[in-house]
Amino acid sequence: MQLLFLGTLALFVGVTVAVPAQEKRVHHKPDLSDHVHDDAHGYQYDHEAFLGKEEAKTFDQLSPEESKDRLGKIVDRIDTDKDGFISHAELHHWIKHRQRRYIEENVDKHWKEYDQNKDGKIGWIEYKNTTYGYYMDAEFDDVDDKETYKAMLTRDERRFKSADRDGDGVATREEFTSFLHPEEFDHMRDIVIQETIEDIDKNGDGKINLQEYIGDMFTPEDGENEPDWVTTEKKHFSEFRDMNKDGFLDANEVSHWILPGEVDHADNEARHLIHETDKNNDDKITKKEILANWNMFVGSQATNYGEDLTKRHDEL
C-alpha cells in the first residue's frame, strides 16, 4: 500500500542536491518493510525486519551457504546472555536495533550534506541554502512549478522549527533526526498529523473525506475494477477511522490512524518469527531451530531466484 512509505524525492532542475524524501511525506504507520507481510508469497518482509533494508539486499546476493553462515554469527550476537537460546526479549531488542540503525545511517548521509561548516550542528540557514539556495534570490522564477517549491520551503521551515526544541535556529544531531524522521518522536506528532492532512486533503477544508482517503492509495486505470482491498479500506474508513461518523477524518482521528501508539511492529515480528521457528513450543528458539528455518530470517541468491519465479508465475 503506497500510504505506508510515500515520499516524493524532489530534484531541482540543474541542482545536484535533492530534498530528502522524508521532508515531503513522513512514514505513516511506521512499519519494518515496504513489502506486504505475507509468508505465502515470500519472506521479504521478514528479511528486512530482521536484517534492515540495506543488509537484506546484501544477503540476497549471497549463496545459501554464505547466508546460513552469516546468520549463525548473527544469532550468536543476538544471544546476549549466552544461554544458547534466543528469547523474545533478545529478538525484539535486535529487530528494534536494526530498524534504528537504518534511521541513524539515513541521518549520517544527510548530515554530511547539510553540515556545511563542519561544526557538528546544522542551522536552518545551512539547510535552506543547501536545499533551495540556487533559487532563493530569483524567488524560484526559473522553476516551472514555483508555488510548489515555495510551499516546500515553508513546510520545511515549519518542521525544522518544531524539531529545534531550544529555538536557537540550529539543530543538534538529535534535533536533526527528529526533523528527518518526525514519526519517531512524540514532540513531533502534531507536525506528522498536519503534514498528512495537507498531503491528502485535496479540497483544502482541513479534513480528509472518503474520496481523498482512497485517492491517496489507489487511482483506477480506465475500465479497471475496484480491488477487494479498496472495498475493505472503505469499510475501515466508515467503521473505524471515522470515529464520530461525520464522514471526515479530523486531526484527532488522523492521529489514531497513522500514529497508533499501541502498535509495536518489532514486537509483533519477534513473536511471529519465534512462533514459526519454535518447534518444541518452549517460547524461545535455538540456533539449530533458526538455521533449520534460515530462509525465513535471511535471503540468498537461491531464495531471491525462487521468489522471482513465483512472481513470474503469478503474473502469468
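Residues numbered from 1 in each chain as written. Predicted model: local features only at pLDDT ≥ 70, side-chain atom pairs only at ≥ 80, totals over all residues. Heavy atoms only, no water.

### A short note on the overall build of the chain
Looking only at helices and strands, one finds 16 helices and eight strands in the chain. Counting over 316 residues, the chain shows a buried share of 44%. Within the chain, contacts between residues separated by at least 24 positions form 61% of all contacts whose residues are at least 6 apart in sequence. Carbon and sulfur atoms make up 49% of the accessible area of the chain, which amounts to about 17200 Å² in all. (Helix = DSSP H or I, 4+ residues; strand = E, 2+ residues; numbered from the N terminus. Buried < 20%, exposed > 50% of the residue type's maximum accessible area, 1.4 Å probe, protein only. Contact = heavy atoms within 4.5 Å. Areas by Shrake-Rupley, 256 points an atom, 1.4 Å probe, with all protein chains shown as cover.)

### Side note on helix α13 (residues 265-277)
Along its 13 residues, α13 runs 18 Å from first to last C-alpha, staying within 8% of the 18 Å computed at 1.5 Å per residue. Considered for burial, the residues of α13 that qualify are Ala266, Asp267, Glu269, Ala270, His272, Leu273, Ile274 and Thr277. Looking at the buried positions of α13, the neighbouring elements they touch are α2 (44-51), α5 (88-114), β8 (285-286), α14 (287-292) and α15 (294-297). N-capping of α13 is provided by Asp264, with a side-chain oxygen placed 3.1 Å from the backbone N of Ala266. (Expected span 1.5 Å × (residues − 1). Polar contact = N/O pair within 3.5 Å; in protein donor to acceptor, adjacent residues only side chain to side chain.)

### Details of the UniProt feature "domain: EF-hand" (unreviewed entry) in the chain
Here the UniProt-annotated "domain: EF-hand" (unreviewed entry) positions come out as residues 66-101, 102-137, 151-186 and 188-223. End C-alpha to end C-alpha, residues 66-101 measures 23 Å, and it is 75% helix and 6% strand. Secondary structure across residues 188-223 divides into 50% helix and 6% strand, with the first and last C-alpha atoms of the span separated by 41 Å. (UniProt positions renumbered as here; feature names shortened; annotations may be inferred.)

### Describing the nonpolar core
In terms of nonpolar packing, the biggest core is built from 26 residues, with Phe50, Leu71, Leu91, Ile95, Phe297 and Val298 touching the most fellow members. At the level of secondary structure, the elements contributing two or more residues to this core comprise α2, α3 (53-59), α4 (64-78), α5, α13 and α15. Setting aside its immediate chain neighbours within four residues, Leu91 contacts Phe50, Ile78, Ile86, Ala270, Leu273 and Ile274. Counting residues in each nonpolar core, the second largest holds 20 residues, with Val107, Met152, Leu153 and Phe176 among its members. (Core = buried A, V, L, I, M, F, W, Y, C linked by side-chain atoms within 4.5 Å.)

### Side note on the pattern of salt bridges
In this structure the tally under the stated criterion is 14 salt bridges. Note that Glu157 is salt-bridged to Lys161, the shortest N-O span being 3.6 Å. One end of the pair, Glu157, and the other, Lys161, are both in helix α7 (residues 146-163), four residues apart, so they sit about a helical turn from each other. For Glu157, a relative accessible area of 29% corresponds to the partly exposed category. Counted as one network, the salt bridges with shared partners bring together Arg155, Arg158, Arg159, Glu195, Glu198 and Asp199. (Salt bridge = Lys/Arg side-chain N within 4 Å of Asp/Glu carboxyl O.)

### Considerations on the side chain of His47
Mapped onto the secondary structure, His47 falls in helix α2. Engagement of the side chain of His47 in a polar contact is seen with the backbone oxygen of Val298, the distance being 3.2 Å.

### Some remarks on α4
Relative to the 21 Å expected for 15 residues at 1.5 Å per residue, α4 spans 21 Å between its end C-alpha atoms, a close match to the ideal helical length. Those residues of α4 that are buried are in contact with α2, α3, β3 (85-86), α5, α14 and α15.

### Focus: the packing of aromatic side chains
Within this structure, the stated rule accounts for 13 aromatic pairs. Measuring from ring centre to ring centre gives 5.5 Å for Trp124 and Phe160, while their planes differ by 55 degrees; the resulting arrangement is tilted. One end of the pair, Trp124, is in helix α6 (residues 124-136); the other, Phe160, is in helix α7, with 36 residues separating them in the sequence. Across the pair, Phe160 and Trp124 agree in class, each one buried. Relative to Phe179, the ring of Phe160 has its centre 5.5 Å away and its plane inclined at 65 degrees; by these criteria the two rings are edge-to-face. Residue Phe160 is found in helix α7, and its partner Phe179 is found in helix α8 (residues 173-180); the two are separated by 19 residues along the sequence. Among the aromatic residues, those joined into a ring-pair cluster are Trp111, Tyr114, Trp124, Tyr127, Phe160, Phe176 and Phe179. One residue, Arg173, lies across the ring of Trp111, its end atom 5.6 Å from the ring centre. Its end group placed over the ring of Phe248, Lys207 keeps NZ or CZ at 4.1 Å from the ring centre. (Phe/Tyr/Trp six-rings, centres within 6.5 Å; stacked < 30°, edge-to-face > 60°. Lys NZ or Arg CZ within 6 Å of the ring centre and 35° of its normal.)

### Section: the packing of α5 against α13
Packing of α5 against α13 brings their axes to within 9 Å, and their N-to-C directions diverge by 130 degrees. Judged by the angle between their axes, α5 and α13 are oblique. Relative to α13, the crossing made by α5 is right-handed. Counting all contacts with α5, which are made through His88, Leu91, His92, Ile95 and Lys96, the residues of α13 involved are Ala266, Asp267, Glu269, Ala270, Arg271, Leu273 and Ile274. (Axes fitted to C-alpha atoms, helices over the stretch in contact; angles between N-to-C directions. Parallel < 35°, antiparallel > 145°, perpendicular 65-115°, else oblique. Left-handed = near helix turned anticlockwise from the far one by under 90°.)

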